Amino acid sequence: MTETTSAEASGDGVRGSQANTGNKLQAKSVLTKIAAFVADRNIPFLVCSIGMIVMLLWAGKFKMTAPGAEGIIPVVSNSPLTSWQFKVLGPYILGDMIGATEWTAAILLIIGYFKPKAGILGGIILVGMFFTTSSMLITTPDDTIVVHGIHYMNNLGLFLFKDIISFGVAFYLISYYGRKAIMAENQR
């Protein structure tokens, strides 16, 4: 009996170093064996999902505090996607709403471990959130500093830039939970 690796289940057609070769490729070099080991144990998913859940819970809770709500004023007030919400709701209610959205997404990712469709929904929420915050790199003034004539991101710019990476992680989580949901649907 051969064991299918997560890489093979995802359509990569690569088996780990312990698998029967059959018609599939087998990891042979040290580097490909390391890659198969990582894929077989779903390490990318675990690191991305747990890291995202922790970040969302911490950041969400912080945005529900006065300093957290006041900290988002420069970014939300200058964005065409969020400035209207800022004007209508003010920083404190908006901060609470953003924090609650982050908590909702985190809880859906956790539920996704058992019910993958919940993880897909959490990932979709994250795509919307991180698209919005990534776009703020363009609209937020003073997110760079100039040193010897060269622009560098300051703390505010780096704070926003990390959401571009999170945007990609959100898509990865949707695809991972999606594969799990598809497999569950096909087992019925």
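Going by the structure above, here's the rest.
Thresholds, definitions, all that
- Residues numbered from 1 in each chain as written.
- Predicted model: local features only at pLDDT ≥ 70, side-chain atom pairs only at ≥ 80, totals over all residues.
- Heavy atoms only, no water.
- Helix = DSSP H or I, 4+ residues; strand = E, 2+ residues; numbered from the N terminus.
- Buried < 20%, exposed > 50% of the residue type's maximum accessible area, 1.4 Å probe, protein only.
- Areas by Shrake-Rupley, 256 points an atom, 1.4 Å probe, with all protein chains shown as cover.
- Core = buried A, V, L, I, M, F, W, Y, C linked by side-chain atoms within 4.5 Å.
- Contact = heavy atoms within 4.5 Å.
- Phe/Tyr/Trp six-rings, centres within 6.5 Å; stacked < 30°, edge-to-face > 60°.
- Lys NZ or Arg CZ within 6 Å of the ring centre and 35° of its normal.
- Salt bridge = Lys/Arg side-chain N within 4 Å of Asp/Glu carboxyl O.
- Axes fitted to C-alpha atoms, helices over the stretch in contact; angles between N-to-C directions.
- Parallel < 35°, antiparallel > 145°, perpendicular 65-115°, else oblique.
- Left-handed = near helix turned anticlockwise from the far one by under 90°.
- Nonpolar A, V, L, I, M, F, W, Y, C, P; charged D, E, K, R; others polar.

(A) Broad picture of the overall build of the protein. Looking only at helices and strands, the protein features eight helices and four strands. Put simply, the protein runs from its N terminus to its C terminus through helices and strands in the order α-β-β-α-α-α-α-α-α-β-β-α. In the protein, which comprises 188 residues, the proportion classed as buried is 35%. Looking at the protein as shown, the accessible area adds up to about 11300 Å², and 68% of this sits on carbon and sulfur atoms.

(B) Highlighting the nonpolar core. Core analysis: the biggest nonpolar cluster contains 17 residues, and M52, L56, L109, L126, F130 and L173 have the highest contact counts within it. Secondary structure elements with two or more residues in this core: α3 (43–63), α6 (83–112), α7 (116–139) and α8 (155–186). In terms of residue count, the dominant contributor to this core is α8 (six residues). Ignoring sequence-local partners within four residues, the contact set of L126 consists of M52, L56, A105, L109, A170 and L173. One finds I72, V75, F86 and L160 within the second-largest nonpolar core, a separate group that totals seven residues.

(C) Up close: the packing of aromatic side chains. Inspection of every chain in the model, using the stated rule, returns seven aromatic pairs. For the ring pair F45 and Y176, a centre distance of 3.8 Å and an interplane angle of 15 degrees mean the geometry is stacked. Pair noted here: F45 is in helix α3 and Y176 is in helix α8, with a separation of 131 residues, a long-range link. Since its relative accessible area comes to 9%, Y176 is described here as buried. Geometrically, the ring pair formed by F45 and Y177 is edge-to-face, given 5.4 Å between the ring centres and 90 degrees between the ring planes. Of the two residues, F45 is situated in helix α3 and Y177 in helix α8; the sequence distance between them amounts to 132 residues. Y177 carries the same exposure label as F45, and that label is buried. Here a set of aromatic residues connected by ring pairs shows up, and it is made of F45, Y113, Y172, Y176 and Y177. The lysine or arginine in question, K162, covers the ring of F159, its NZ or CZ lying 4.5 Å from the ring centre.

(D) Molecular detail of the pattern of salt bridges. Inspection of the entire model under this criterion finds three salt bridges. E185 is paired through a salt bridge with K117; the nearest N and O atoms lie 3.0 Å apart. Highlighted residues: E185 in helix α8 and K117 in helix α7, separated in sequence by 68 residues. By relative accessible area, K117 is classed as partly exposed at 49%.

(E) Molecular detail of the packing of α6 against α7. Where α6 meets α7, the closest approach of the two axes is 6 Å, and the angle between their N-to-C directions is 150 degrees. As summarised for this structure, α6 and α7 are arranged roughly antiparallel, according to the angle between their axes. Crossing angle aside, the handedness with which α6 passes α7 is left-handed. Note on element contacts: α7 touches α6 through P116, A118, G119, L121, G122, G123, I125, L126 and M129, opposite T101, E102, T104, A105, L108, L109, I111 and G112. Grouping the amino acids of the contact of α6 with α7 by side-chain chemistry returns 10 nonpolar, six polar and one charged.

Keep in mind these numbers describe shape, not what the thing actually does.
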